[in-house]
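# Report on the structure
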Amino acid sequence: MLNPFPKLSGQILARQIRNLLFFVLFFLYLWLSVDTRLVYHGGGMVPNFPVFFRGWEFFRQSIPYPGGLVQYSSAFLSQFFYIGWAGALIVALQAWLICLCVDYFLKVIAASRLRWLRFVPPVLLLIAYTRYAYHFVTTTAFLVSLLSVCLYLKAAPNNNLRRFIVFLIFSVVTYPIAGGAYLLFALLCAIYELLFTRRWQMAPLYLFSAVLITYLTGVLLFGVSLADAFGQLLPVSWQVMVYPERRQMILIPYVIYVLVPLTALAAGLWRILVSTNIEEKLLQLISSEHTAAPVLRWFGHSSLLLVTAGAAILFSYDIEQKTLLEVDYHTYRRNWPKVLEAARRHTNSFYVVHQVNRALYHTGRLASEMFSFPQHPSTLFLTGRRADRLLRWKRLDTCIDFGFLNRAEGDLAELLEVLAEHPVILKRLALINMAKGNLGAARIYLGALSKTLFYADWADYYLALIQSDPELSTDRRIQDLRRLKPKKDDADIFSTLHENSANDRMAFEYLMAVHLLTKRLDIFVANLDRLDDLGYSQIPRHYEEAILLYSAITKKKVDLHGREISQQSRQSFKTFFQTLESYGENKQAAFNELAKDYGDSFLLYYFYNRSGMKK
Amino acid sequence: MTKIYKYLAPALALVVLSTATLIYALRDSKIEITQWRSIARPVNIRPDYSGTVIPPNIAPLNFLVQEAGSQYYVKIYSQRGKTIEIFSRSPKIIIPQGAWYKLLNINRGEQLHFDVFVKTEDEPWNRFAPITNQIANEPIDPFLVYRRIRPVYSTGETSIHQRNLQNYNDTPVLTSKSVRGVCINCHTFCNNRTDKMFFGTRSKRQGSFTVFVQDGRMFKLQTKFGYTSWHPSGKLAVYSVNKVRQFFHFARSEVRDVVDLDSALLYYAVDSKSIKTSPKFSAKDRLETFPTWSPDGRYLYFCSAPMLWTDQNKLPPDLYRQVKYDLQRISYDLDRDQWGQLETLLSAQDTDLSILQPKISPDGRWLVFCMCDYSCWASYQASSDLYIMDLKAAHETGRYDYRRLDCNSDQSETWTSWSSNSHWIAFSSKKENGLFTRTYLSYIDNDGNTCKPILLPQKDPEFFDSHLWTHGVPELVTEPVKVKGEKLARFVRSAPKIPVDLPITMATPGAKDAPVDTRWQERE
């Protein structure tokens, strides 16, 4: 007779080390690579990220629904995504708990050979977070349900009646907490009773009770619809299905939810139909496992796990999404060097280039480096595109920068509908209303913001400032916005830009950029005298290129008010045309050569509509 | 024995803790101030519940003392009954409900005084000049049904709520969430009762329809009612169909603006389930809207403006700022279903303002309406104010004189609802913030004068400081809405629509254009 226990304790330790290693790496990956701060920020791309407000009122509103407690606590925990390491830790803990629960359940149903399945949910979560899909609430509900299953398995007495009472107690506690996810609890308990304890009569009783409890509590007590009573917090809820933006990576919660019941079903059926003495086989298996080299096996299993997780991450990695989020995150914080650094990774996006242009302006490089990125006339103001959620989000800060406060306010009001009271939206609405002098409305937005976890200081500061200085005369940003605000109601973006370009450098550079991108060199040249008004000591590079080109095309001399075109620009211009002419009619062949040296110039853009080619 | 000790310690701790809490609570509620310094001015409180008339059946007017201090003491008293004393370490003054009801109830018609004392750390108590309010003899209708919406630009989450004015109970009648994103609006009741109710719904998936609730039975009519007014007999309801479009301003403070490109009035006969109209209020060259019945059912009042554009696709249309609505009425014979002559009571040419949203007091004497600079959408115009007209005097003199009500502010005031005793109005105002509409209540005396309006009281006096919803279409009713919640939602979600034939008499927007871009029809 074998005694596996001394070896088992070693095996358990080895498993724990593997678990620890996996979840430490899980945490580090989420913290350092995924960065949950990006999920929190959302960039208009994570529409189901929950809002959370401190105080009784928000709690009172959140709780009286099936699953209200999970929703409330998930919303609270999700706020810590704002702090990178804290968010990563919360997700890692959730994944670890799911892993533990799955492991425990598999152990109880004696499916030890399938215990590797415990890592499937965490790996799936890794994939979801790699794609910045937010399903934390659903997975928390799943965890609560699974936790209830484990507790039930631990607490269930042998007597059928008592067992049923325990089930009922767990049910009435789990359903209000986890909502529709409770059905998973009921299903797993039923499968367990049916296939593993052979209490045939309990399974239908459990399932029937679950339906009854859900109906009584959900529909009659909470007063929600039948669909909500059964579907709340499940990934199949209509609240997910109806809105396409909430279905991002929805397959992952589906798999997580069906994994355990399907495994239990398969293991149970296997046990009944194929293996009649599974315990014996299990012991044989354990003994046979322990005859092999355990260290080698540990390394093998651990490597397999890490390679699988790594491969999953690698295949789900989406550089565009990450860049979009990262660029947006740094743009929001006006961390311009970081914006440019992040944007280099993936420049093939209108939205990224739009933010890059702002970053270039704020670092004083728009007029000399904008063609280092792939430009298009619509990237500056994201015009000519359908105003969807993402576009509204991306363009609103540009609108604020230029003082187009009404347009930004309109976009924010629309976003408020889709993204709810996200602090980033409330903050901007407060800023706009302060700039417009609507202090009453600003106070309400600030009031809401002061109940958030991480924006309260900002809100409290401005609430105090409004009290002490209602004109907000000491706040430079607000004063700037007031100065730039359009004065005429029948104006539009370009007429306002034109008006402001006389004394606002940003308006001027954007206006000139519009002329360059639309190749309106005559209007561009006509506006050059504003270089004097705005204190430019030198002519920026792209302006030099445009001036040279204009002179060459029209044979007209441009009055530069005593400024000189640099020798470098003249030489570069000359070489460009020599190269172009050397290829005669074959412009495509010329492009291939010109792109290498002039891929970041206005000249290449002018002739080929291409830029951002130079590596 | 050990087991007993194990539980005894926490139990004892619990008892000690409870006793301490109780002592602390009792200590707070009893205080005697023997010395104080008198401050000549009244205390600053928010919301401003001072110097006005309050309903005898209103929920406690909890408020925030806006004076620096570390302790606050408030005495509320009247001619009779026990004085309410509140001691608080925070400036939030929460009035006990039971004592408040008793005090108000036995002092109808009397004055109600608030003595506020504030103490700072190092100084003695300051006693401010008392706040005095009048308790009206006439109660306000105890329920307010209103609509919650965000200050949005297109459709979004909406809901109809009902608020018990005698306490703070506020429950949803129907939420767009419960009907899967369907937009809900324009709830209408008959004679301040809830046994007959209409409300409209719109969604891209389900189209537009009207839900009609009568004595607990529900019907879903396959057409969208706009502004609706029940004939007092309950036998028919007149409603508007509006081709509503929204556009945006680039520079002015209120970004949004709305225009009815076309509109007309129709009426729904309950018994025959038929929809009719008359060329007198569905003229092709005019925009008719905001119907309201006189309480005797003999006249239909409504607003009407000339349509100044021919291009129905241009937005905003030419001359939209010149569109100003007149106040008109037309007589009606219910028995013969016959409409009489059209009369213009008040012309926009005379007022130089657009006359909108007329509402007649249930006793038939007063007509309250709002006027704003132009167009049909008063809530987006700060110029919108409430005005009153004495219909009894007008009947006698033949002159339809009107005057501006005192309850107005420099922000928009709109949408009035009368209490069934004709002494209270509930109306929408943006006076506090210019963006989020709130409901105010104001007393109207026998001469048609309004008193300082009171903000709808909340349990937490700071409730509206961070409330991101706008409250619109306040309707006072004498009883709660009976069909609500999931029962109503289930009906809205699943019941089949009853097809209705629309009269083809004009460019009826409801008939021709309802499915087009319905999202723009959703407004406050």
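Residues numbered from 1 in each chain as written. Chains lettered and ligands numbered in written order. Predicted model: local features only at pLDDT ≥ 70, side-chain atom pairs only at ≥ 80, totals over all residues.

## Structural notes on the overall build of chain B
- The secondary structure content of chain B amounts to six helices and 34 strands.
- For chain B, whose C-alpha radius of gyration is 26 Å, the value lies close to the compact-globule estimate of 24 Å for 524 residues.
- Principal-axis analysis of the C-alpha atoms places the extent of chain B at approximately 85 × 65 × 50 Å.
- Contacts in chain B between residues far apart in sequence, at least 24 positions, make up 59% of those at least 6 positions apart. (Helix = DSSP H or I, 4+ residues; strand = E, 2+ residues; numbered from the N terminus. Rg over C-alpha atoms; globule rule 2.2 N^0.38 Å. Contact = placed C-beta atoms within 7 Å.)

## Examining the domain arrangement of chain B
Residues and elements named next belong to chain B.
- Domain annotation of chain B identifies domain 1 (36-135) and domain 2 (143-521).
- Put simply, the middle of domain 1 and the middle of domain 2, counted by C-alpha atoms, are 36 Å apart.
- Listed as interface residues are 18 residues of domain 1 and, on the opposing side, 16 residues of domain 2.
- Elements that contribute at least two residues to the side of domain 1 that touches domain 2 include exactly β3 (53-54) and β4 (63-65). (Domains from an automatic or database assignment.)

## A word on the confidence of the model for chain B
Residue and element names in this part refer to chain B.
- When pLDDT is averaged along chain B, the result is 89; 92% of the residues meet or exceed 70.
- Taken as a whole, residues 504-524 scores under 50 in pLDDT and shows 49 contacts with residues more than four places along the chain or in a different chain.
- Across the assembled chains, the prediction reports ipTM 0.89 with pTM 0.90. (pLDDT = per-residue confidence, 0-100.)

## Comments concerning the domain arrangement of chain A
- Split by domain assignment, chain A resolves into domain 1 (5-316), domain 2 (364-484) and domain 3 (493-608).
- Here domain 1 of chain A and domain 3 of chain A have C-alpha centroids that lie 60 Å from each other.

## Brief notes about the environment of A:Tyr129
All names here are of chain A.
- As for its placement among the helices and strands, Tyr129 is situated in helix α6 (residues 120-130).
- Taking the C-beta count within 10 Å as the criterion, Tyr129 has 29 such neighbours and is therefore assigned buried.
- Linking Tyr129 and Phe454, residues 325 residues apart in sequence, is a C-alpha distance of 22 Å.
- When near neighbours in sequence (up to four residues on either side) are disregarded, Tyr129 contacts Leu30, Val34 and Val91. (Buried ≥ 20, exposed ≤ 12 C-beta atoms within 10 Å, placed from the backbone.)

## Some details on the pairing of strand β25 (residues 338-346) of chain B
Residue and element names in this part refer to chain B.
- Where strand β24 (residues 326-333) and β25 come together, six bridges link them in antiparallel fashion. Bridge pairing links Asp333 to Gln338 in β25.
- Taking the residues that link successive antiparallel strands as the turn, the β24-β25 hairpin has four residues, and the phi of Asp337 there is positive, at about 50°. (Pairing = 2+ DSSP bridges.)

## Points about the sheet that holds strand β22 (residues 286-293) of chain B
Residue and element names in this part refer to chain B.
- Pairing within the open sheet is antiparallel, and its four strands lie in the order β22-β23-β24-β25. For this open sheet the edge positions go to β22 and β25, each flanked by a neighbour on one side alone. Ignoring which end each strand starts from, the neighbouring axes of this sheet average 30° apart. (Axes fitted to C-alpha atoms, helices over the stretch in contact; angles between N-to-C directions.)

## Thoughts on the interface of chain B and chain A
- Taken together, the contacts link 31 residues of chain B with 30 residues of chain A.
- Here the element with the most residues in the side of chain B that touches chain A is helix α5 (residues 485-494) of chain B; it accounts for four residues.
- Per-class residue counts for the side of chain B that touches chain A are eleven nonpolar, eleven polar and nine charged. (Nonpolar A, V, L, I, M, F, W, Y, C, P; charged D, E, K, R; others polar.)

## Some thoughts on the nonpolar core
- One finds A:Ala181, A:Leu188, A:Cys189, A:Ala430 and A:Tyr445 to be the most contacted residues of the largest nonpolar core, which totals 178 residues.
- Ranked by residues supplied to this core, first place goes to helix α9 (residues 182-196) of chain A with 13 residues.
- Each residue touching A:Leu188, except ones within four places of it in the same chain, is listed here: A:Val149, A:Val260, A:Pro261 and A:Ala264.
- Counting residues in each nonpolar core, the second largest holds 127 residues, with B:Leu112, B:Ile131, B:Val241 and B:Val477 among its members. (Core = buried A, V, L, I, M, F, W, Y, C linked by C-beta atoms within 7 Å.)

## With respect to the sheet that holds strand β29 (residues 402-404) of chain B
Residues and elements named next belong to chain B.
- The strand order across the open sheet formed by four strands is β26-β27-β28-β29, and the pairing between neighbours is antiparallel. Every other strand in the sheet has two partners, leaving β26 (354-360) and β29 as the edge strands with one partner each. The mean inter-strand angle of the sheet, taken between neighbouring strand axes irrespective of direction, is 30°.
- Pairing analysis gives six bridges linking strand β27 (residues 366-372) to strand β28 (residues 385-390), with the strands arranged antiparallel.

## Quick look at helix α4 (residues 68-78) of chain A
- Residues A:Gly68, A:Val70, A:Gln71, A:Ser74, A:Leu77 and A:Ser78 constitute the buried set of α4(A).
- On its buried face, α4(A) sits against α3 (56-62), α5 (84-108), α7 (136-155) and α8 (160-178) of chain A.

## A closer look at the environment of B:Pro96
Residues and elements named next belong to chain B.
- Note on placement: Pro96 falls in the loop between β7 (92-93) and α2 (97-106).
- Residue Pro96 is classed as partly exposed on the basis of its 14 C-beta neighbours within 10 Å.
- Note: C-alpha distance between Pro96 and Glu85 (eleven residues apart in sequence) is 9.3 Å.

## Examining the environment of A:Glu564
- You can see A:Glu564 is positioned in the loop between α30 (541-554) and α31 (567-582).
- Sequence separation between A:Glu564 and A:Arg54 is 510 residues; the distance between their C-alpha atoms is 61 Å.

## Section: the pairing of strand β8 (residues 111-119) of chain B
Residues and elements named next belong to chain B.
- In the sheet, strand β5 (residues 71-77) pairs with β8 via seven bridges, with the strands oriented antiparallel. Paired with Ile76 across the strands is Phe114, a residue of β8.
- With four bridges joining them, β8 and strand β10 (residues 131-135) adopt antiparallel strand pairing. Within β10, the residue paired with Gln111 across the bridge is Gln134.
- Here β8 runs beside strand β9 (residues 125-129); their pairing, made up of three bridges, is antiparallel. Each bridged residue has a counterpart across the sheet, and for Lys119 the counterpart in β9 is Trp125.
- Hairpin connection between β8 and β9: a loop of five residues separates the two successive antiparallel strands.

## Thoughts on the packing of helix α21 (residues 405-419) of chain A against helix α22 (residues 423-435) of chain A
Residue and element names in this part refer to chain A.
- Running from amino to carboxyl end, α21 crosses α22 at an angle of 150°, the nearest separation of the two axes being 10 Å. In this view, α21 runs roughly antiparallel relative to α22, as classed from their interaxial angle. Between α21 and α22 lies a crossing of left-handed hand. On α22, the residues that touch Leu405, Ala408, Glu409, Leu412, Leu415, Leu416 and Leu419 of α21 are Ile425, Arg428, Leu429, Ile432 and Ala435.
- Among the residues making up the contact of α21 with α22, the classes are represented as ten nonpolar, no polar and two charged. (Parallel < 35°, antiparallel > 145°, perpendicular 65-115°, else oblique. Left-handed = near helix turned anticlockwise from the far one by under 90°.)

## Section: the confidence of the model for chain A
- Confidence along chain A averages 90 in pLDDT terms, with 95% of residues attaining 70 or more.
- Note that residues 1-6 of chain A has pLDDT below 50 and, in this model, six contacts with residues that lie over four places away or in other chains.

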